[in-house]
Amino acid sequence: MATTLKTLKSGGISLDTRDFAKFAKALRKAEPELNRRLRKQLRAAAELVAAEARSRVSPYSKSIPPTIKTRVSGLTVSVVAGGPGVPLAGLFELGSKRSAFGVF
C-alpha cells in the first residue's frame, strides 16, 4: 500500500487514505466480526481523545463538554464538539492565538 504523508501548515498530518478505504471495504466483506471488533476499538481510542478535550474545556465552559462526542464511520473516527445549541464550541475547538485553552 502506497501512502502519501505530509505535514500541513497547521501542524497536523495529512494521509492519503485511498488504500485504507479499500482495506476497510475488503475487511467488512471478508471478516465482519473482526471489522466490528476493530470499530469498537477505534471508538474506544476516540473516546480517550474526547475525554481529554472535555477535561481541557471544562474550566472555561459548562455547555461545551457534554457536546463533545465520538463518531465512527467505516474505519474513520472523528471527535466533534458543539451543535445547534452551542455555536461557540467550534471556536473553542479551533482555538486562537490569544486562547488559554488552545487546540483540542
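Our subject in this report is the structure included herewith. Remember, predicted model here, so these are calculated numbers, not experimental data. (Residues numbered from 1 in each chain as written. Predicted model: local features only at pLDDT ≥ 70, side-chain atom pairs only at ≥ 80, totals over all residues. Heavy atoms only, no water.)

## Thoughts on the environment of Val 80
Okay, so step 1: Mapped onto the secondary structure, Val 80 falls in strand E4 (residues 76–80).
Okay, so step 2: The class for Val 80 is partly exposed, based on a relative accessible area of 23%.
Okay, so step 3: Apart from residues lying up to four places away in sequence, Val 80 is in contact with Thr 67, Ile 68, Lys 69 and Arg 71. (Helix = DSSP H or I, 4+ residues; strand = E, 2+ residues; numbered from the N terminus. Buried < 20%, exposed > 50% of the residue type's maximum accessible area, 1.4 Å probe, protein only. Contact = heavy atoms within 4.5 Å.)

## Some words on the pairing of E4
Okay, so step 1: In this sheet, E4 lies alongside strand E3 (residues 69–73) in antiparallel orientation, the contact comprising 5 bridges. Residue pairing across strands places Thr 70 opposite Val 79, the latter belonging to E4.
Okay, so step 2: Hairpin connection between E3 and E4: a loop of 2 residues separates the two successive antiparallel strands, and Gly 74 in this loop has a positive phi of roughly 65 degrees. (Pairing = 2+ DSSP bridges.)

## Focus: helix H2 (residues 32–57)
Okay, so step 1: The first and last C-alpha atoms of H2 sit 37 Å apart over 26 residues, in line with the 38 Å expected at 1.5 Å per residue.
Okay, so step 2: For H2, the set of buried residues is Asn 35, Ala 46, Ala 50, Ala 53 and Val 57. (Expected span 1.5 Å × (residues − 1).)

## What to know about the pattern of salt bridges
Okay, so step 1: Counted by the stated rule, this structure contains 3 salt bridges.
Okay, so step 2: Of the charged contacts, one joins Arg 54 and Glu 47 as a salt bridge, the two residues approaching to 2.7 Å between their closest N and O atoms.
Okay, so step 3: Residue Arg 56 is joined to Glu 52 by a salt bridge in which the shortest nitrogen-to-oxygen separation is 3.0 Å. Taken as a pair, Arg 56 and Glu 52 lie in helix H2 at a separation of 4 residues, close to a single helical turn. (Salt bridge = Lys/Arg side-chain N within 4 Å of Asp/Glu carboxyl O.)

## Thoughts on the packing of helix H1 (residues 18–30) against H2
How two helices sit against one another is set out by the angle between their axes and by the gap between those axes.
Okay, so step 1: Between H1 and H2, the shortest axis-to-axis distance is 5 Å and the interhelical angle comes to 125 degrees. When the axes of H1 and H2 are compared, the pair comes out oblique. Contact residues: Leu 27, Arg 28, Lys 29 and Ala 30 in H1; Pro 32, Leu 34, Asn 35 and Leu 38 in H2.
Okay, so step 2: Classifying every residue of the contact of H1 with H2 gives 5 nonpolar, 1 polar and 2 charged. (Axes fitted to C-alpha atoms, helices over the stretch in contact; angles between N-to-C directions. Parallel < 35°, antiparallel > 145°, perpendicular 65-115°, else oblique. Nonpolar A, V, L, I, M, F, W, Y, C, P; charged D, E, K, R; others polar.)

## Quick look at the nonpolar core
Okay, so step 1: Counting residues in each nonpolar core, the largest one holds 7 residues, listed as Ala 50, Ala 53, Val 57, Ile 64, Ile 68, Val 86 and Ala 89.
Okay, so step 2: Ranked by the residues each element gives to this core, the list is headed by H2, at 3 residues.
Okay, so step 3: If we ignore the near neighbours within four places in the chain, the residues touching Val 86 are Ser 63, Ile 64 and Thr 67. (Core = buried A, V, L, I, M, F, W, Y, C linked by side-chain atoms within 4.5 Å.)

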